[in-house]
Amino acid sequence: MRVCFDSTSGGANPNEDWVGAKTDLAVVLDGLSTAGLSTGCQHGVPWFVAHLGGHLMAALADPSVTLADGLASALERVAALHPQCDLANPGTPSATVAVLRQRHAELDYLVLADSPVVLEKAEGGHVVITDLRVDEVLPELRAEVERHETHTADHREALRRLVLAQRQVRNTQEGYWVAGATPEAARHCITGSTKLSDVRSAVVMSDGASRLVTEYKTATWQQVFNTLRTEGPSGLIASVRKTEATDPTGRRWPRYKSGDDATVAYCCW
């Protein structure tokens, strides 16, 4: 498996995505926004995703370890790195997870929250593996955020209220699951396998990149893979930024940020 990747910040703040890859593994993490609220952690989201990514890559280097078990182990190890922080804080640094691993003639995948793995099928068409449980909670507060243009005080306040409310249902049976301080989240991933011979290529990405198809709807998955073949991950991210630049205040496409961190790992054989 050959993997090429790129990751860029969506604005002036540090990039809270993380990507890692080797010849049989691709991992993308997307750190959750804090909206300026306290997390109980002195390290911050970029620190969390960097350490989680490193430990997850190490755990999954052993092909006998399942993707879910590897994630649980990585979460436990990262929690042990900062026990002095308030890991019980509902806003503790967290991230979405998307993984694709090759084991001989099989491809294993795992997603937790809305960073997708997309498979380009050998006979045509695409399979999108994603976890959209977060979209099912707090629809009224989500709509309130989308009523305001980005970079306005009303938008910031609505986003703050949404994030506060999300924290109360995050990693609960009534809400949605992300990778945070407890290994329990790894038991709520979407996982599966497919034959390598059924797949032409694949992409593992954060939602800051996938929204070109899912939210902006300015491209199809086939167009995404065509761009990846000709221009690579950096070309795909450039297309996202070009699209966002036509709507900087979120009038056409209401969203949480004018530009989100975007990460793409393109896998081919």
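Thresholds, definitions, all that
Residues numbered from 1 in each chain as written. Predicted model: local features only at pLDDT ≥ 70, side-chain atom pairs only at ≥ 80, totals over all residues. Heavy atoms only, no water. Helix = DSSP H or I, 4+ residues; strand = E, 2+ residues; numbered from the N terminus. Expected span 1.5 Å × (residues − 1). Buried < 20%, exposed > 50% of the residue type's maximum accessible area, 1.4 Å probe, protein only. Contact = heavy atoms within 4.5 Å. Pairing = 2+ DSSP bridges. Axes fitted to C-alpha atoms, helices over the stretch in contact; angles between N-to-C directions.

Right, let's get into helix α1 (residues 45–59). A rise of 1.5 Å per residue sets the reference length of α1, with its 15 residues, at 21 Å; its end C-alpha atoms lie 21 Å apart and thus fit the reference within 8%. When we look at burial in α1, the residues that qualify are Val45, Trp47, Phe48, Val49, Leu52, Gly53, Leu56, Met57 and Ala59. Each element contacted by the buried residues of α1 is listed here: β2 (17–22), β3 (25–31), α2 (67–81) and β4 (95–103).

The next point concerns the sheet that holds strand β6 (residues 117–121). Reading across the sheet, the five strands line up as β1-β10-β9-β6-β7 and stay open at both edges, with antiparallel pairing between neighbours. Edge positions in the sheet fall to β1 (2–8) and β7 (126–129), since each has one partner strand and no second. On average, each strand axis in the sheet is inclined to that of its neighbour by 15°, with strand direction left out of account. In the sheet, β6 pairs with β7 via four bridges, with the strands oriented antiparallel. Note that in β7 the partner of Glu120 across the bridge is His126. The strands that helix α5 (residues 207–214) touches are β9 (199–205) and β10 (262–268); relative to β10, the one it contacts most, it runs at about 80°. Running at roughly 150° to β10, helix α6 (residues 221–245) makes contact with β1, β6, β7, β9 and β10 of the sheet.

Moving on, we get to the sheet that holds β2. Ordered in space as β2-β3-β4-β5-β8, the five strands form an open sheet in which the pairing is antiparallel. The open sheet has two edge strands with one neighbour each: β2 and β8 (190–195). Across this sheet, the average inter-strand angle for adjacent strands is 10°, counted without regard to direction. Where β3 meets β4, seven bridges bridge the pair, whose relative direction is antiparallel. Across the sheet, Val27 pairs through a bridge with Val99, a residue of β4. Sitting on the sheet, α2 touches β4 and β5 (106–112), and the angle it makes with β5 is about 45°.

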